[in-house]
Amino acid sequence: MDIKNIIVKEYLESLTEKNELNRIFPILLESMGFTILSKPTEYIGLQEYGKDIVAVGIDEDKVKKRFYFELKGGNERDITSTNFFGKDGIQDSISQASYNKFVSAFPEFDKLPLKIIIVHNGIIKGAVQSTLEGMFKTFEASLKDTSFERWDISRLTLLFADKLFGAYLLTDPVTTRLFNRILVNLNVTDGISSDYIQLINILFTKEEWKKSRKLPRKWVLLFESLKLIGFVIYTEANEYNNLEIAKRYITHLVLAFWSWILKNKLEKDKTVIKYFDQILNFHYGVLNEYFNRTINIAFLKDGLYSENGGRYEQIGYPKRTFEYLEYFCFRIIVERHYNGKGNDELFNQQLVAIINQNKVCTRPLIDLHSLPVISILNLFIEFDKLKNAQNYITLVLQQIIYSKVNLGFLPDSNNSIENVIKFIVTGIKPVYYSDSTSPLISVLLEYLVILNMEEEYNYLRDFIKEQKIDLGIFVPFHGINSTSSHLIEDKNNDLEEQLFSKSFTDGYQSETRLTQRFTTDLSFEDFKNRLVKKQNEFKYNYRTDEAGYPFLRELAHLYFLTPYFPDKWRNYIF
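Keep in mind that what you see is a predicted model, and the values were worked out from it rather than measured. (Residues numbered from 1 in each chain as written. Predicted model: local features only at pLDDT ≥ 70, side-chain atom pairs only at ≥ 80, totals over all residues. Heavy atoms only, no water.)

**What about the overall build of the protein chain?**
Short version of the rule: The secondary structure listing takes helices from DSSP runs of H or I that are at least 4 residues long and strands from runs of E that are at least 2 residues long, numbered from the N terminus. The cut-offs for exposure are 20% and 50% of the maximum accessible area for each residue type, with area from a 1.4 Å probe on protein chains only; residues under the lower value are buried, those over the upper are exposed, and the others partly exposed. Only the protein chains shown count as cover for residues, and the accessible areas themselves come from Shrake-Rupley with a 1.4 Å probe. His residues and chain termini do not enter the charge count, which takes Lys and Arg as positive and Asp and Glu as negative. Charged groups are reduced to one reference atom each: NZ for lysine, CZ for arginine, CG for aspartic acid, CD for glutamic acid.
The number of helices and strands found in the protein chain is 23 helices and 9 strands. Dimensions of the protein chain, computed from the C-alpha atoms along their principal axes, are close to 100 × 55 × 45 Å. For the protein chain, the residues scored as buried account for 54% of the 574 residues in total. Carbon and sulfur atoms make up 49% of the accessible area of the protein chain, which totals about 26,500 Å². Both charge centroids of the protein chain, one from 70 positive and one from 74 negative side chains, sit 3 Å from each other.

**What about the sheet that holds strand β4 (residues 114-120)?**
Stated precisely, the cut-off is as follows: A strand pair is defined by DSSP finding two or more bridges across the two strands. To obtain each axis, a line is fitted to C-alpha atoms, and for helices this fit is confined to the stretch in contact; angles are then taken between N-to-C directions over 0 to 180 degrees. Residue contacts are counted whenever heavy atoms from the two residues lie within 4.5 Å of one another.
If you walk across this open sheet you meet the 5 strands as β1-β2-β3-β4-β5, and the pairing is mixed. At either end of the open sheet lies a strand with only one pairing partner, and these are β1 (35-38) and β5 (146-151). Within this sheet the neighbouring strands show an average axis-to-axis angle of 25°, counted without direction. Sheet topology note: the β4/β5 ladder contains 6 bridges and is parallel. Residue pairing in the sheet places K115 in a bridge with S147 of β5. Relative to β5, helix α6 (residues 153-163) is tilted by about 90°, and along the sheet it contacts β4 and β5.

**Some points on helix α15 (residues 370-382)**
Our working definition: One fewer than the residue count of a helix, multiplied by 1.5 Å, yields its expected span.
Look at α15: 18 Å from first C-alpha to last across 13 residues, which is about the 18 Å you get at 1.5 Å a residue. With respect to burial, α15 is a largely interior element, 12 of its 13 residues being buried. Residues of α15 that are buried: S370, L371, P372, V373, I374, S375, I376, L377, N378, L379, F380 and I381. Two residues or fewer after α15 comes D384, characterised by a positive phi angle close to 65°.

**Considering the nonpolar core**
We count it as follows: Here the nonpolar core consists of buried residues drawn from Ala, Val, Leu, Ile, Met, Phe, Trp, Tyr and Cys, with membership extended through side-chain atoms lying within 4.5 Å.
One finds F69 and F257 to be the most contacted residues of the largest nonpolar core, which totals 174 residues. Looking at which element gives the most residues to this core, the answer is helix α11 (residues 243-263), with 14 residues. With 22 residues, the next largest nonpolar core counts V54, I79, F84 and F139 among its residues.

**Structural notes on the packing of helix α2 (residues 18-31) against helix α10 (residues 217-239)**
Rule in force here: The scheme is simple: roughly parallel for angles under 35 degrees, roughly antiparallel for over 145, roughly perpendicular for 65 to 115, oblique for anything else.
At a minimum axis distance of 9 Å, the contact between α2 and α10 shows a crossing angle of 170°. The angle between the axes of α2 and α10 places the two elements in the roughly antiparallel class. The residues of α10 that touch α2, namely those facing E20, R23, I24, I27, E30 and S31, are R217, L221, E224, K227, L228, F231, Y234 and T235.

**Describing helix α18 (residues 439-450)**
An ideal rise of 1.5 Å per residue puts 16 Å on 12 residues; α18 measures up with 17 Å between its terminal C-alpha atoms. Where burial is concerned, most of α18 is hidden: 12 out of the 12 residues are buried. Every buried residue of α18 is accounted for by P439, L440, I441, S442, V443, L444, L445, E446, Y447, L448, V449 and I450. Along its buried surface, α18 packs onto α15, α16 (386-407), α19 (454-467), β6 (472-476), β7 (507-511) and α21 (524-533). Where α18 ends, the next residue or the one after it, N452, has phi of about 55°, a positive value.

**Quick look at the pattern of salt bridges**
Quick note on the threshold: By convention in these notes, a salt bridge is any Lys or Arg side-chain nitrogen within 4 Å of a carboxyl oxygen on Asp or Glu.
All told, the structure shown has 39 salt bridges when counted by the stated rule. Between E30 and K227 there is a salt bridge; the shortest N-O distance is 2.6 Å. Note that E30 is positioned in helix α2 and K227 in helix α10, a separation of 197 residues in sequence. Take E30 and K227: they sit in the same class, and that class is buried. With a closest N to O distance of 2.8 Å, D195 and R181 form a salt bridge.

**Examining the confidence of the model for the protein chain**
Selection criterion: Values of pLDDT, ranging from 0 to 100, describe the predictor's confidence in every residue of the model.
Looking at the protein chain as a whole, the pLDDT averages 92, with 98% of positions reaching at least 70. Here residues 42-47 scores under 50 on pLDDT; set against residues more than four positions off or in separate chains, the count is 5 contacts.

**Observations concerning the pairing of β5**
Two faces make up the sheet, and in a regular strand the side chains alternate between them. So the rule is basically this: Seen with its strands pointing away from the viewer, a crossover is right-handed when the path leading from the first strand over the helix to the second is clockwise.
The buried fraction of β5 is high, at 5 of 6 residues. Handedness of the crossover joining β4 and β5 through helix α5 (residues 128-142): right-handed.

**Looking at the side chain of K227**
Put simply, the rule reads: Throughout this description, a polar contact denotes any pair of N or O atoms lying within 3.5 Å of each other; where both atoms belong to protein, one of them has to be capable of donating a hydrogen while the other can accept it, and for residues adjacent in sequence the pair is counted only when both atoms sit in side chains.
Classification of K227 as buried rests on a relative accessible area of 12%. Within polar-contact distance, the side chain of K227 engages the side chain of Q278 at 2.7 Å. Here K227 is in contact with I27, E30, Q278 and I279, once residues within four sequence places are set aside.

**Topic: the packing of α18 against α19**
To keep it simple, the criterion reads: The handedness criterion is simple: a crossing whose near helix is rotated anticlockwise from the far helix by less than a right angle is left-handed, and one whose near helix is rotated clockwise is right-handed.
Across the interface, α18 lies against α19 with an axial gap of 9 Å and an inter-helix angle of 155°. Between α18 and α19, the crossing angle belongs to the class labelled roughly antiparallel. Regarding α18 and α19, the two cross each other, and that crossing is left-handed. Counting all contacts with α18, which are made through I441, L445 and L448, the residues of α19 involved are E456, Y457, L460 and I464.

Now the structure itself:
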């Protein structure tokens, strides 16, 4: 057995839950060209009569057949006399599958020969093997056009190694080494390993996309391999009991896939989008599981605080809380996109509870904490809970002003948590700590107009003037009304192709002024009028939105740490 088969066998044996086998096995069948008519997840809680998966495909004898797959994993991965003869055991499953028809509209489904296969990622023990084989022969003799097989860990290893892992992942020493290192080092850092980024890049660049009438098999195998990577990362993260890992890595996979789609102008290709949707849905499922596991902790008083963090928690607690809220808001945005506003009251209550119980989420440390702050404000506005939005922005501004007046600093506009830590520990600002300018405060000023908070505007304006803070908002060169498109540096990638592949920097700082004629303070109404005129300062026709995935832009901003563009909030200006 070569190293590839060893890796595959060890991974398959690590699937200790039946639902893990249930989710990865259909990926194998699809890569083998099977048409799947039903999956285990489609009939949860129903008696399947020995038919966890029903599919149609070409058998090894080149004959088209219908297949019933009965999956045994978890505690039943090894076939023993206990799970062979017991209730809902192998014997019962084979009988039920043989005599209970599966109804399908698939052309001539009932006329196809039938093959029933027991699938388990273990071995068969003792004398039960001869009993099972004897049962197969007895049924084959009495049933017309019906045959039986058993796929154990050895057979699964060969199939997975050849059809999936061997299709793209483990085809050469480079990808094999990268894949191995990814799994070994998965729990080492808080970010994404460079090995993982390199592997995904290799997979997407192995073949040059060429348009054809039918999706070539090599691309089908690539897309199936991407699904496999996502599931492998998920199962390995579960081994560490740390879904945060899966959240990070599968987020990168989603964005890399969409970046490739945009680069190849495939956002309207339904065949490719079908595979993208499968990975996107898996990502959403991981997010749901992540928040289902953690939400009750976040609802506790200082629930996101880590007692083992020591002095670092002065920074770690707010940093962790803002990151938690970023993806919590993203999950809400996705839910509302697909399922409407029916759960808005529940989402509002959850968001308020997290904020109330974790007060540090009103204390931004770096300018990019504007990302969750903006998401929270936008959701409260969307929920029609303007009072909640007003209360939240008031708390954020109070913290910013307090920190500047009493501690001498604003959130770092260079967005370096390391600089913030050094400053907190030593009391001396590092040379690269920058707080003479504040894009975050610039954004909050505009929200004060959106939320009609004139008194707070006047107070903040005077504070900015007293502290001599420069204001500006990042605006891309790429807007449809832009007069600066000639300044674009990356001319090989449009705005979205950059947004979904790296931290976006191709733009300028649009200055925010709070005076008129250089000396007179700008009143609330005058600032509002200026803002209305700037409403179209940045507009862009996003291909991602046209394809039906506007929420993906939010994910790209969060992952690549790109400030939101002004169209993120200026649409709320009345």
